[in-house]
Each structure stands twice: as structure tokens, then as C-alpha cells.
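The lines below spell out each chain.
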Amino acid sequence: MFNDLSSLSSYLPSRRSGRPRNMIAPGPSDKQIEDIVATALRTPDHGKLAPWRVVRVDSDQRGRLATELVKAYRTEKPDAGRLELEALDAMAHQAPTLLVVLFSPVTSTKIPIWEQELSCGAFCMNIIHAIHARDFVGGWITGWPSYNDDVRDLFGEASERIAGFIFAGTTDCELAERPRPELASILSKWKIEQ
Ligand SMILES: Cc1cc2nc3c(=O)[nH]c(=O)nc-3n(C[C@H](O)[C@H](O)[C@H](O)COP(=O)(O)O)c2cc1C
């Protein structure tokens, strides 16, 4: 069973993202979206900088998002083919809920950017957990739009970066397992000469 919500210790080892293209209504309500992001405010954050923020893209804005993604893609790749543009259009329209997470680094501090990036990743992860805690599925993707400055400008400032597009909704198919690393390849004892 995936995303077993019977307890926190059951949920965490059974956590599984959904595929945004397989997400259908219902998605989180406006109040649930607020609660999801409020939960993620408890993310570890060295220096209390909050180097992250979220922009909601509502369902009546998806068409505009698709238009803007296609425009930015064509600017970068004038020879773009129909299939590439259709994929962008599909991305913009998929899933009931879309949250764009921005990494907003603070440079006027001694806290290294690397630590701020780590915090932003944890922030995204907490959003996913908070989505799942409400019995929806979440999915965190990046892809071409996350690395294009024109797309970034749709949501944030030049100093910011898109950390991810987090989609949420109800999965229209059974979640399936994916390969995970062997524990022994990840966890080791410290070996140091005496
Ligand atoms: C920063 C980041 C970017 C990602 N971008 C994509 C992506 O563009 N497309 C994709 O299919 N999965 C992407 N993933 C992976 C999915 O979020 C997800 O982790 C994966 O499908 C496995 O599911 P799981 O979360 O249940 O392990 C990304 C993950 C991270 C951390």
C-alpha cells in the first residue's frame, strides 16, 4: 500500500508520488492549499531566511500558462516541432492543482547558498508530504520550463529560480512501485583507522 496514512511511521516508508498527467479532480481546496503551504513553513531553514516561496496557478490560468510556455519555447527553439509544443500544452493543463515553487536566495547573509538550496528542496518535499497527508497525490517536476528565464520571469524575479512545478490531485490509476536503492549502498558505518 502506498501513502499509508494510518500513522506517520507508516506513511513515510510507503510514500509514493503521483504522475501529474494521471491526476484528476478533486484536488486540494483553496483552504487545503493554504494548509499545505503553511505546513511547509516548518521546513528547516538555517538563518530563518525562508529562501523559497510559492505561486499558485489556478485552473482558469492554465490556458495562459500554456500560451506563455509555448512562446518561451519557440523563442529558445525556433524550429520546435508540433509534438514538443503539444507536450508543453499538456504540461500546463495537467492535474487540478499547480504550485510553482521559487528558490529565492538571500545574498546578504553568511548562510551559504548551498544551504539555502538544501532548504528549498526540503520545502518542496514538505509540500509533497502535506499534499499526501490530505489524501491527494503530489508530483514534483522540473523539465525545460524550470530552466528557462522567460518562464521564470512569469513567476519571479531575475534573482530567483524555479525549484519545481508541484502538481496535486487524485490519481486516476493505481500507483506502482519504482526501483529504490539498496539500503546497504546508502547506509554505511564510518571506517577510520585507529
Ligand atoms: C528536483 C526534482 C525534479 C524532478 N523533475 C522531474 C521531471 O521533470 N519529470 C519527472 O518525471 N520526474 C521528475 N522528478 C521525480 C519525481 O518527482 C518523483 O520523485 C519520481 O517520479 C519518483 O517518484 P517518488 O517520489 O514516488 O519516488 C523530479 C524530482 C526532483 C527532486
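Refer to the structure presented above.
Residues numbered from 1 in each chain as written. Predicted model: local features only at pLDDT ≥ 70, side-chain atom pairs only at ≥ 80, totals over all residues.

(A) Expanded view of the nonpolar core. With 35 residues, the main nonpolar core has Val101, Cys124, Ile127, Ala163, Ile166 and Ala168 as its most contacted residues. Elements supplying a minimum of two residues to this core: helix H2 (30–40), helix H3 (62–76), helix H4 (82–93), strand S3 (97–103), helix H5 (113–133) and strand S5 (161–171). Among the elements that take part in this core, H5 stands out by supplying seven residues, more than any other. (Core = buried A, V, L, I, M, F, W, Y, C linked by C-beta atoms within 7 Å. Buried ≥ 20, exposed ≤ 12 C-beta atoms within 10 Å, placed from the backbone. Helix = DSSP H or I, 4+ residues; strand = E, 2+ residues; numbered from the N terminus.)

(B) Spotlight on the pairing of S3. Most of S3 sits inside the fold, with seven of its seven residues counted as buried. Where burial is concerned, the two faces of S3 agree: the one with Thr97, Leu99, Val101 and Phe103 and the one with Leu98, Val100 and Leu102 are both buried. For strand S2 (residues 52–57) and S3, the ladder comprises six bridges, and the chain directions are antiparallel. Residue pairing across strands places Val54 opposite Val101, the latter belonging to S3. Here S3 pairs with S5 via seven bridges, running antiparallel. Each residue of the ladder has a partner; that of Val100, found in S5, is Phe165. (Pairing = 2+ DSSP bridges.)

(C) Expanded view of H4. Given a rise of 1.5 Å per residue, twelve residues ought to cover 16 Å, and the 17 Å separating the end C-alpha atoms of H4 matches this to within 8%. Within the span of H4, buried status applies to Leu88, Met91 and Ala92. Down the axis of H4, the buried set is contained in an arc of 100°. They therefore lie on one face. Away from its buried face by more than 90 degrees, H4 exposes Arg82, Leu83, Glu86 and Ala90. Check the buried side of H4 and you find it contacts H3. Positive backbone phi, approximately 65°, marks Ala95, located one or two places after H4. (Expected span 1.5 Å × (residues − 1). Arc of directions from axis to C-beta. Contact = placed C-beta atoms within 7 Å.)

(D) Region of interest: the environment of Arg42. Here Arg42 is to be found in the loop between H2 and S2. Under the C-beta neighbour-count criterion, Arg42 is labelled exposed, with 10 such atoms within 10 Å. Residues Arg42 and Arg152, spaced 110 residues apart in sequence, show a C-alpha to C-alpha distance of 25 Å.

(E) Spatial organisation of the site of the ligand. The immediate surroundings of the ligand are formed by Arg16, Ser17, Gly139, Trp140, Ile141, Thr142, Gly143, Gly164 and Arg178. When residues in the shell around the ligand are grouped by element, the largest group, three residues, is from strand S4 (residues 137–141). Here the shell around the ligand is built from residues that sort into two nonpolar, five polar and two charged. (Near = placed C-beta within 6 Å. Nonpolar A, V, L, I, M, F, W, Y, C, P; charged D, E, K, R; others polar.)

(F) A look at H3. An ideal rise of 1.5 Å per residue puts 21 Å on 15 residues; H3 measures up with 21 Å between its terminal C-alpha atoms. Of the surrounding elements, those touching the buried residues of H3 are S2, H4 and helix H6 (149–155).

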